[in-house]
Amino acid sequence: MSQDIPFDKSFDLPPGRVEEVMPGVRRLLVNNPGPFTFKGTLTYIVGRDRVAIIDPGPIDEAHIAALLAAVGAETVTHILVTHTHRDHSPAAARIKAATGAETCGEGPHRAARALHVGEAPRPEASADRDFRPDVTLADGDIVSGPGWRLEAVTTPGHTANHMAFALKDTAVLFSGDHVMAWSTPVVAPPDGAMSDYMASLEKLSRRAETLYFPGHGGVVRDAPRFVQQYIRHRQAREASILERLAAGEADIPALVGSIYIGLDPRLTRAAGLSVLAHLEDLTARGLVVTQGAPAIDGRYRVA
Ligand SMILES: [Zn+2]
């Protein structure tokens with residue numbers, strides 16, 4: 001895969017260990033490693049004594065127990081969710097039941113667009129459709145406690161309801177799955193949308209935060225520059241798609257085969273969906289044409 005982004009895959013926190021990544025921010029790893037989760041999902045605890053939890057994680061009994069032990073006698077006032085994928089939000093209900101904290105997020109899971117006629121929802125069932133935030137956050141809303149203020153930053157693209165959280169008066173932004181140091185995220189229609197994703201990257205690149213704490217893997221340093229590299233990576237992928245199509249009409253498997261060299265076979269389907277996300281965007285911009293709505297089994301050519 002593309003070597004243009006300086007990915008950092010160093011990360012060695014064992015599951016269940018509470019680590020203070022900076023004064024007032026602790027993190028805890030879920031034992032759910034995989035091709036999409038890297039070493040596992042990270043849950044963050046912000047503040048001391050009266051704290052917020054960001055991304056409580058999946059229903060994983062060991063993780064829920066470790067998270068409740070980590071906060072101990074402290075009061076959890078808020079549970080914030082970056083997005084409703086099953087590795088991030090389902091434990092919110094359990095942590096709320098145990099602590100009485102309010103759940104906060106952009107909204108319930110929703111697709112970035114309506115399903116096309118004949119199109120099935122994604123079979124991986126990666127969405128957590130049960131999450132309903134007690135408090136619905138809009139862009140710029142602030143959630144606060146003693147010594148900390150978190151600003152909601154809408155960042156749709158990976159999912160329609162994705163939110164990052166800026167820790168005010170610091171250089172830190174909790175970036176969820178939108179920007180990570182180890183990999184780019186999957187942007188898979190209909191949950192995800194490439195045009196939204198690119199606009200969200202542009203939005204973050206204009207912000208001042210320089211240190212990102214993502215939902216998976218280690219911290220992102222020099223973040224605005226890293227985000228620029230993410231943008232260029234997607235632009236390069238788009239250029240590869242257009243270049244391949246300029247050589248002749250193609251379907252998505254052919255595009256994946258020519259663009260992703262040395263792809264982990266477990267990621268073939270995700271790569272196909274990422275290419276579909278680009279093709280939706282390119283079709284909307286009038287650069288590529290296909291029969292009917294852009295579909296996973298469609299054939300594509302340059303306009
Ligand atoms: Zn996700």
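Now for a description of the structure that goes with this document.

Calculation rules
Residues numbered from 1 in each chain as written. Predicted model: local features only at pLDDT ≥ 70, side-chain atom pairs only at ≥ 80, totals over all residues. Heavy atoms only, no water. Helix = DSSP H or I, 4+ residues; strand = E, 2+ residues; numbered from the N terminus. Buried < 20%, exposed > 50% of the residue type's maximum accessible area, 1.4 Å probe, protein only. Pairing = 2+ DSSP bridges. Core = buried A, V, L, I, M, F, W, Y, C linked by side-chain atoms within 4.5 Å. Contact = heavy atoms within 4.5 Å. Salt bridge = Lys/Arg side-chain N within 4 Å of Asp/Glu carboxyl O. Phe/Tyr/Trp six-rings, centres within 6.5 Å; stacked < 30°, edge-to-face > 60°. Axes fitted to C-alpha atoms, helices over the stretch in contact; angles between N-to-C directions. Donors = N, O, S within 2.8 Å, 3.2 Å for Na, K, Ca; no water. Tetrahedral: all angles 85-135°; square planar, octahedral: opposite > 155°, others 65-115°.

### Notes on unusual backbone geometry
Geometrically, the link from Pro189 to Pro190 is a cis peptide bond, its omega value of 5° lying close to zero. The residue Pro190 is located in the loop between β11 (172-176) and α3 (194-205) in this model. Its identity is not glycine, yet Asp55 carries a phi of approximately 55°, on the positive side. Positive phi outside glycine occurs at Asp222, with the angle close to 50°. Mapped onto the elements of the fold, Asp222 is located in the loop between β12 (211-214) and α4 (223-246).

### Observations concerning the pairing of strand β3 (residues 42-46)
Of all 5 residues in β3, 5 are buried; the element is thus mostly enclosed. A two-sided burial pattern is seen for β3, the buried positions comprising Leu42, Tyr44 and Val46 on one face and Thr43 and Ile45 on the other. Pairing geometry for strand β2 (residues 25-29) and β3, over 5 bridges, is antiparallel. Among the inter-strand pairings, Leu28 is bridged to a residue of β3, identified as Thr43.

### Side note on the nonpolar core
Grouped together as the largest cluster of nonpolar side chains are 48 residues, with contacts concentrated most on Leu80, Leu150, Phe165, Leu167, Phe174 and Val179. Residues within four places of Leu150 in sequence aside, it is in contact with Val46, Ala52, Ile54, Leu80, Asp141, Ile142, Val143, Phe165, Ala166, Leu167 and Phe174. In this structure, Val186, Leu255, Ile259 and Leu279 belong to the second largest nonpolar core, which totals 21 residues.

### Concerning the pattern of salt bridges
Counted under the stated rule, the structure contains 17 salt bridges. Notably, a salt bridge pairs Glu74 with Arg26, separated by 3.0 Å at the nearest N-O pair. Of this pair, Glu74 sits in the loop between α1 (61-71) and β5 (75-80) while Arg26 sits in strand β2, and the two are 48 residues apart along the sequence. A relative accessible area of 4% means that Arg26 is categorised as buried. The salt bridge involving Arg266 is made with Asp264; its shortest N-O contact spans 2.8 Å. Classification of Arg266 by relative accessible area gives exposed; the value is 57%. Here the salt bridges do not stand alone but share partners, grouping Glu151, Lys168, Arg207 and Glu209 into one network.

### Observations regarding the sheet that holds strand β15 (residues 299-302)
Read across the sheet, 3 strands follow the order β13-β15-β14 without closing on themselves; strand pairing throughout is antiparallel. One side of each edge strand has no neighbouring strand; the edge strands of this open sheet are β13 (250-251) and β14 (288-290). Pairing geometry for β14 and β15, over 3 bridges, is antiparallel. Bridge assignment links Val288 to a residue of β15, and that residue is Val302.

### So, the packing of aromatic side chains
Under the definition given, this model contains 5 aromatic pairs. Ring geometry for Phe38 and Trp182: centres 4.6 Å apart, planes at 10°, overall stacked. One end of the pair, Phe38, is in the loop between β2 and β3; the other, Trp182, is in the loop between β11 and α3, and 144 residues separate them in sequence. For Phe38, a relative accessible area of 13% puts it in the buried group. Classification of Trp182 by relative accessible area gives buried; the value is 9%. Where Tyr44 meets Phe213, the ring centres are 5.8 Å apart and the plane angle is 10°; that geometry is what we call stacked. Remark: Phe213 occurs in strand β12 and Tyr44 occurs in strand β3; sequence separation between them is 169 residues. Take Tyr44 and Phe213: they sit in the same class, and that class is buried.

### Things to note about the sheet that holds β2
Ordered in space as β1-β2-β3-β4-β5-β6-β7, the 7 strands form an open sheet in which the pairing is mixed. The strands lining the two open edges of the sheet, one partner per strand, are β1 (19-22) and β7 (135-136). Two elements, strand β4 (residues 50-54) and β5, share 5 bridges in a ladder whose sense is parallel. Of the residues in β5, the one forming a bridge with Val51 is Val76. Strands in contact with α1 are β2, β3, β4 and β5; relative to β2, the strand with the most contacts, it is inclined by about 160°. Where helix α2 (residues 92-99) meets the sheet, its contacts fall on β4, β5 and β6 (102-105), and the angle it forms with β5 comes to roughly 160°.

### Concerning the coordination of the zinc ion
Looking at the zinc ion, one finds its protein donor set to be His83 (NE2), His85 (ND1), His158 (NE2) and Asp177 (OD), positioned 2.1 to 2.4 Å from the metal centre. The coordination sphere of the zinc ion comprises 4 donor atoms, whose angles at the metal cover 86 to 170°; the geometry is irregular. If you list the donors of the zinc ion from N- to C-terminus, the spacing comes out as H-x1-H-x72-H-x18-D. Each of the two residues, His83 as well as His85, counts as buried.

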